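If you want the building blocks of each chain, they are given just below.
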Amino acid sequence: MRAAFARFDANRSGKLDHRELRAALRQLGLEVDEAEATAMLQRHDTNNNGLLDVREFGALVRQLGRRGTL
């Protein structure tokens, strides 16, 4: 998960913003628009900082996998 996260963390901040998350989801085969990416980020941003860390991103990916989305 860390390697995938690092690949999508374009600015190497250690966090994904909604644009980086959208690009990550697209690479994983899920087409989402900017509003959908923002909503997904907000749902999984457990510390409410407006960004996803690797743990939050992992939880999102696992949930999408369980739902058969990925």
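For the structure itself, look to the data block above.
In this text the structure is predicted, and so the values were computed from the model without any measurement.

Quick notes on the rules
Residues numbered from 1 in each chain as written. Predicted model: local features only at pLDDT ≥ 70, side-chain atom pairs only at ≥ 80, totals over all residues. Heavy atoms only, no water. Core = buried A, V, L, I, M, F, W, Y, C linked by side-chain atoms within 4.5 Å. Buried < 20%, exposed > 50% of the residue type's maximum accessible area, 1.4 Å probe, protein only. Helix = DSSP H or I, 4+ residues; strand = E, 2+ residues; numbered from the N terminus. Contact = heavy atoms within 4.5 Å. Polar contact = N/O pair within 3.5 Å; in protein donor to acceptor, adjacent residues only side chain to side chain. Expected span 1.5 Å × (residues − 1).

I would appreciate a short explanation of the nonpolar core in the present structure.
By size, the foremost hydrophobic cluster in this structure holds 18 residues, and its most contacted members are Leu21, Leu25, Met40 and Phe57. When residues of this core are traced back to their parent elements, those giving at least two are α1 (2-8), α2 (18-27), α3 (34-44) and α4 (54-66). Among the elements that take part in this core, α4 stands out by supplying five residues, more than any other. When sequence neighbours within four positions are dropped, the list of residues in contact with Leu25 reads Leu30, Val32, Met40 and Leu64.

Teacher, can you tell me more about the environment of Asp17 here?
Take Asp17: it is sitting in the loop between α1 and α2. A residue is classified by how much of its surface remains accessible, and Asp17, at 18% relative accessible area, is buried. Taking the C-alpha atoms as reference, Asp17 lies 9.3 Å from Ala37; in sequence the two are 20 residues apart. Excluding residues that lie within four positions of it along the chain, Asp17 makes contacts with Leu41 and Leu51. Polar contacts involving the side chain of Asp17 include one to the main-chain amide nitrogen of Glu20, which spans 2.8 Å.

Is there a simple way to think about α4 in this case?
Since one α-helical turn is 3.6 residues long, residues separated by three or four positions face the same way. Its 13 residues place the ends of α4 18 Å apart at the C-alpha level, agreeing with the 18 Å of an ideal helix rising 1.5 Å per residue. Here α4 has its buried residues at Val54, Glu56, Phe57, Gly58, Leu60, Val61 and Leu64. Against α1, α2 and α3 lie the buried residues of α4. For α4, the N-terminal capping position is held by Asp53, with its side-chain oxygen 3.0 Å away from the main-chain nitrogen of Arg55.

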